[in-house]
Amino acid sequence: MKENKEFKTTDLVFIGVFAALIAVCSWISIPLPSGIPVTLQTMAVCIICAVGGMKRGSASVLVYILLGIIGVPVFSGFKAGISAVAGTTGGYIVGFIFTALIAGSVSDALDKKNCKKPLKFIITVISMILGIAVCYAFGTAWFAVVYARTNEPAGLGTILGWCVLPYIIPDLVKIIVAASIAPTLRKLMKRV
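One structure accompanies this document, and this report is about it. (Residues numbered from 1 in each chain as written. Predicted model: local features only at pLDDT ≥ 70, side-chain atom pairs only at ≥ 80, totals over all residues. Heavy atoms only, no water.)

**Topic: the packing of aromatic side chains**
Here the structure, examined in full by the defined rule, presents eight aromatic pairs. Judged by centre distance (5.8 Å) and plane angle (50 degrees), the rings of Phe-138 and Trp-142 are tilted. Of this pair, Phe-138 and Trp-142 both sit in helix H5 (residues 117-150), four residues apart, roughly one helical turn. Here Trp-142 falls in the partly exposed class, since its relative accessible area comes to 25%. (Phe/Tyr/Trp six-rings, centres within 6.5 Å; stacked < 30°, edge-to-face > 60°. Helix = DSSP H or I, 4+ residues; strand = E, 2+ residues; numbered from the N terminus. Buried < 20%, exposed > 50% of the residue type's maximum accessible area, 1.4 Å probe, protein only.)

As structure tokens, then:
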């Protein structure tokens, strides 16, 4: 019984640390004209899912989002509150949940398989790309709806130019970094 309690306490500690990592990475941002900054959030979400798996990764993202909703300035630009989630970039914040579910599930599955390191790396990168792609889809659709409420509706090409194209290369770099450091971090985490 005591062992199970310690495991739960460890999970809570990791979830808190992972949520804090997402917050810190959200504050490191480069603003773009579209109003959607380039941040390190996506890298943090990918790392925590590859390291902590689906359960811890998803819980960390949910804690991060809830902290922001209740007023802790954890979102990019030190924003907080329901208005930040309801704004044009809110879909990406909610989309992180899907990234966590996809990348975390694959990480859990790979942890149970005895794959060679290069194959594991490739599968991890593909899962992160899929997770970020779903986040893009959710965030872009959300952006289009919110943007159209206060502006003339923009065409699909324009919206993709604002919401997806400037982020592809930076996110690929972040995914490669996340997939590269995640195995070492996962080993260290298992020792705790």
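**Section: the environment of Cys-115**
Within the secondary structure, Cys-115 sits in the loop between helix H4 (90-112) and H5. Exposure remark for Cys-115: the relative accessible area of 22% places this residue in the partly exposed category. The residues touching Cys-115, leaving out its near neighbours within four places in the chain, are Leu-110 and Lys-120. (Contact = heavy atoms within 4.5 Å.)

**Focus on the state of the cysteines**
What the rule picks out here adds up to zero disulfides. Sulfur of Cys-46: no disulfide; nearest cysteine sulfur belongs to Cys-49 and is 6.9 Å away. Among the residues examined, Cys-46 registers a relative accessible area of 0% and is labelled buried. Of all cysteine sulfurs, the one in Cys-135 lies closest to Cys-163, which takes part in no disulfide; the gap is 11 Å. (Disulfide = S-S within 2.5 Å.)

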